[in-house]
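# Observations on chain architecture
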Amino acid sequence: SHEIVIERPPAVGSTPSDPRDKVAPSSTRKRVRSNAAPMLKDAQGLDVANADDAAIRAVDHALEQWLGYGDELGRYIAFAHNAREVPLVQMQAAVLNLSLESPEGFAGARPFIDAARTREADMTERERLWLGATAAWADGALDRACELFEEISRRWPRDLFAGKTAQLLYLGRGDFEAMLRLAD
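First things first, this report covers the structure right here in the doc. (Residues numbered from 1 in each chain as written. Predicted model: local features only at pLDDT ≥ 70, side-chain atom pairs only at ≥ 80, totals over all residues. Heavy atoms only, no water.)

### Focus: the overall build of the protein
Per the secondary structure count, the protein includes eight helices and four strands. When the elements of the protein are put in sequence order from the N terminus, they spell out β-β-β-β-α-α-α-α-α-α-α-α. If you take every contact in the protein between residues at least 6 apart in sequence, the share linking residues at least 24 apart comes to 50%. Carbon and sulfur atoms make up 52% of the accessible area of the protein, which totals about 9000 Å². (Helix = DSSP H or I, 4+ residues; strand = E, 2+ residues; numbered from the N terminus. Contact = heavy atoms within 4.5 Å. Areas by Shrake-Rupley, 256 points an atom, 1.4 Å probe, with all protein chains shown as cover.)

Right, here's the structure in full:
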């Protein structure tokens, strides 16, 4: 088993040889054995199917951007076009498109959802719930999307991307009680 940690948030799509994105030992990320293949963990300690070091750096950076209303999320979507084998990257890119709440955003989400579906056999249980939630949102089934993102947040409270997504959906519905429930 080998472990890594990023010293600073990398530029999405940067190469491992980029000296700004040094990798050092840490107990926060490690490879774990599963039925399929070893999995890396993100900065929140959550398994990410099919991820390599670059995908983990991108997922971690996207989370920072999503939580902080950053202006670099477009770079994550560009990264997702080249990381088709990483279902979580695909689903998060779909969510970023869906959050635009426009016909173009919904159309832009579909290829990412389709790419994630091709890797469903590789997914963790959490990622399968992500797929269900993201696909439900894309299909206009907002009640189901909210229910699944809230379930992810409840079962994996460190999945802050899912938590913020659930809050965004509840905000759009005007369900402030659900937003508060998620914050507890």
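The structure having been displayed, the exposition proceeds.
### What about the packing of aromatic side chains?
All told, the structure shown has three aromatic pairs when counted by the stated rule. Their ring planes at 15° and their centres at 5.1 Å tell us that tryptophan 66 and phenylalanine 161 sit as a pair that is stacked. On the criterion of sequence distance, the pair formed by tryptophan 66 in helix α1 (residues 53-67) and phenylalanine 161 in helix α7 (residues 160-173) is long-range, its members being 95 residues apart. Assigned by exposure class, tryptophan 66 and phenylalanine 161 land together as buried. Across the ring face of tryptophan 66, the terminal group of lysine 164 is positioned such that the distance to the ring centre comes to 5.0 Å. (Phe/Tyr/Trp six-rings, centres within 6.5 Å; stacked < 30°, edge-to-face > 60°. Buried < 20%, exposed > 50% of the residue type's maximum accessible area, 1.4 Å probe, protein only. Lys NZ or Arg CZ within 6 Å of the ring centre and 35° of its normal.)

### Thoughts on the pattern of salt bridges
Across all of its chains, the model carries eleven salt bridges by this definition. When salt bridges with common partners are traced through the structure, they connect Glu125, Glu151 and Arg155 into a single cluster. (Salt bridge = Lys/Arg side-chain N within 4 Å of Asp/Glu carboxyl O.)

### Some remarks on helix α4 (residues 103-117)
With 15 residues, α4 should cover 21 Å at 1.5 Å per step; its first-to-last C-alpha distance of 21 Å lies within 8% of that length. Every buried residue of α4 is listed here: Gly105, Ala109, Phe112, Ile113, Ala115 and Ala116. Next to the buried residues of α4 lie α2 (73-81), α3 (87-98) and α5 (125-138). (Expected span 1.5 Å × (residues − 1).)

### Here we look at the side chain of glutamate 150
Along the polypeptide, glutamate 150 turns up in helix α6 (residues 142-155). With relative accessibility at 13%, the residue glutamate 150 sits in the buried group. Within the structure, glutamate 150 has its side chain in polar contact with the side chain of arginine 181 (distance 2.7 Å). Dropping the residues within four chain positions of it, glutamate 150 is found in contact with Ala166, Tyr170, Arg181 and Leu182. (Polar contact = N/O pair within 3.5 Å; in protein donor to acceptor, adjacent residues only side chain to side chain.)

### So, the packing of α4 against α5
The interhelical angle for the contact between α4 and α5, taken along N-to-C directions, is 150°, at an axis separation of 10 Å. As summarised for this structure, α4 and α5 are arranged roughly antiparallel, according to the angle between their axes. Judged by the twist between their axes, the crossing of α4 over α5 is left-handed. Each of Phe106, Arg110, Ile113, Ala116 and Arg117 in α4 lies in contact with α5, whose residues at this interface are Leu131, Thr134, Ala135, Trp137 and Ala138. Partitioned by chemical class, the residues of the contact of α4 with α5 number seven nonpolar, one polar and two charged. (Axes fitted to C-alpha atoms, helices over the stretch in contact; angles between N-to-C directions. Parallel < 35°, antiparallel > 145°, perpendicular 65-115°, else oblique. Left-handed = near helix turned anticlockwise from the far one by under 90°. Nonpolar A, V, L, I, M, F, W, Y, C, P; charged D, E, K, R; others polar.)

### Some thoughts on the nonpolar core
Formed by 53 residues in total, the largest nonpolar core has its most connected members in Val89, Trp130 and Phe149. Counting residues per element, the ones that place at least two in this core are α1, α2, α3, α4, α5, α6, α7 and α8 (176-183). Here valine 89 is in contact with Val59, Tyr76, Phe79, Ala80 and Ala83, once residues within four sequence places are set aside. (Core = buried A, V, L, I, M, F, W, Y, C linked by side-chain atoms within 4.5 Å.)

### Some thoughts on unusual backbone geometry
A negative phi holds for most residues other than glycine; trans holds for most peptide bonds. Positive phi is not limited to glycine here, since tyrosine 69 has a value of about 55°. Mapping tyrosine 69 onto the fold places it in the loop between α1 and α2. Classification of tyrosine 69 as exposed rests on a relative accessible area of 70%. Positive phi values are uncommon outside glycine, yet glutamate 101 reaches one of about 50°. Relative to the assigned elements, glutamate 101 resides in the loop between α3 and α4. Residue glutamate 101 is classed as exposed on the basis of its relative accessible area, which comes to 53%.

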